[in-house]
Amino acid sequence: MAGLVVLGVVLGVLAAFLGRWTAEGLAGTYAVRAVVSEVDSTTTEGQNGPHTTYEVQAITEDRRVIELPVRAEFSRGEPVVARLSSLTDRVQSVRGVTAEVEAHHPWEKIAAMSVGGLLLVVGVIVAWSVRRPLSARLGTPRALPSFLAGVVLAAFVVLTPVGFGGTAYRAGVDPHLKLWKYGREAGEPPAVRRGETLVAGDLTLRVTGLVPEPPEGAAAWLGDFRVLALRVEATGLGDTSLKLSADAHGEPERVEGCAGAPGAFDGTAGLVCFVVPPGYRPGYLLVGERDREVLLVL
């Protein structure tokens with residue numbers, strides 16, 4: 001009887017994981033804008049050397065907390081777009097400005113699920129082949145319930161929220177980013193206002209307008225984010241850093257070349273694009289590096 005339960009558990013686990021993975025792949029997804037709020041890691045020593053596990057959480061546009069199945073690809077305060085399964089609310093992929101992490105079908109998971117499917121087929125064949133000897137010794141009425149009990153137990157553990165079937169959403173976490181330390185106080189260093197010309201040595205820069213949407217012709221992925229594009233005129237800029245100030249909602253990330261949009265900044269004029277967190281309010285543009293930067297109030 002114990003052997004039948006164990007066999008049912010093994011086959012049930014394989015079937016549940018494989019079934020859920022297949023169903024998520026066939027079902028649709030929906031996009032959730034969020035900002036990374038916590039990036040924690042723990043390193044432990046194992047037989048094969050140190051192993052690091054990551055716990056990354058983000059706050060969604062509607063102030064819910066989700067757990068992201070990523071490592072150190074994204075930093076605290078960074079805007080991201082998570083794609084969740086419309087069937088299970090589990091994260092399928094996470095996209096930022098400079099990185100995209102596929103959580104549903106990277107090659108490791110495809111290989112694991114392929115091996116799991118093969119083992120499931122072999123297990124079913126083995127279970128079918130020993131069905132008659134077991135039935136003769138234990139009786140069908142006793143054998144089948146034991147096997148099914150193992151299958152049900154495995155499916156319950158894998159598919160329900162109390163086991164491994166929880167969604168990406170988490171509760172009981174402080175949804176405040178507290179990112180003020182990443183900002184600057186306008187006025188120190190000296191600041192100029194939008195429309196005025198900022199001068200720093202040979203560098204001049206002027207922001208003539210704000211466009212609160214992705215520019216036309218940009219890559220499709222940019223449309224999933226909230227975007228703020230600045231219309232800029234400059235001379236002598238070179239590789240000088242351009243950043244938007246952070247606020248309590250998160251820290252904007254610059255999109256190089258406005259994701260391929262025509263009219264992107266070419267060194268003298270054009271659009272400079274930033275992905276901004278939901279709820280972000282423009283503060284000022286930081287020109288140059290810390291301790292040698294100039295502010296342009298937006």
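To be clear, the structure that these remarks concern was listed above.
Residues numbered from 1 in each chain as written. Predicted model: local features only at pLDDT ≥ 70, side-chain atom pairs only at ≥ 80, totals over all residues. Heavy atoms only, no water.

## Some remarks on the layout of surface pockets
Part 1: For the largest pocket, the calculated volume is near 380 Å³.
Part 2: Residue lining of the largest pocket: 21 residues in total, with Pro69, Arg90, Val91, Lys109 and Gly166 positioned closest to the centre.
Part 3: Among the secondary structure elements, those contributing two or more residues to the lining of the largest pocket are helix H1 (2-26), strand S3 (65-68), strand S5 (91-95) and helix H2 (107-129).
Part 4: Per-element accounting of the lining of the largest pocket gives the leading share, four residues, to H1.
Part 5: Looking at side-chain class alone, the lining of the largest pocket contains nine nonpolar, six polar and six charged residues. (1 Å grid on protein atoms, 1.4 Å probe; cavity = no way out; pocket = protein on both sides within 12 Å on 5 of 7 lines; lining within 4 Å. Points joined across faces, edges and corners; volume = space filled by probe spheres on them. Helix = DSSP H or I, 4+ residues; strand = E, 2+ residues; numbered from the N terminus. Nonpolar A, V, L, I, M, F, W, Y, C, P; charged D, E, K, R; others polar.)

## With respect to the sheet that holds strand S4 (residues 79-85)
Part 1: The antiparallel open sheet is built from seven strands, whose spatial order is S6-S5-S4-S1-S2-S3-S7. Looking at the sheet topology across the chains shown, the edges are occupied by strand S6 (100-102) and strand S7 (169-170).
Part 2: Relative to S5, S4 runs antiparallel, the two being bridged by four bridges. In the sheet register, Arg83 faces S5, and the bridge partner there is Ser93. (Pairing = 2+ DSSP bridges.)

## A look at H1
Part 1: Here H1 is 25 residues long and its end C-alpha atoms lie 36 Å apart, about the 36 Å a rise of 1.5 Å per residue gives.
Part 2: Residues of H1 that are buried: Leu4, Gly8, Leu11, Gly12, Leu14, Ala16, Leu18, Arg20, Trp21 and Glu24. (Expected span 1.5 Å × (residues − 1). Buried < 20%, exposed > 50% of the residue type's maximum accessible area, 1.4 Å probe, protein only.)

Distances and angles like these do not, on their own, reveal function.
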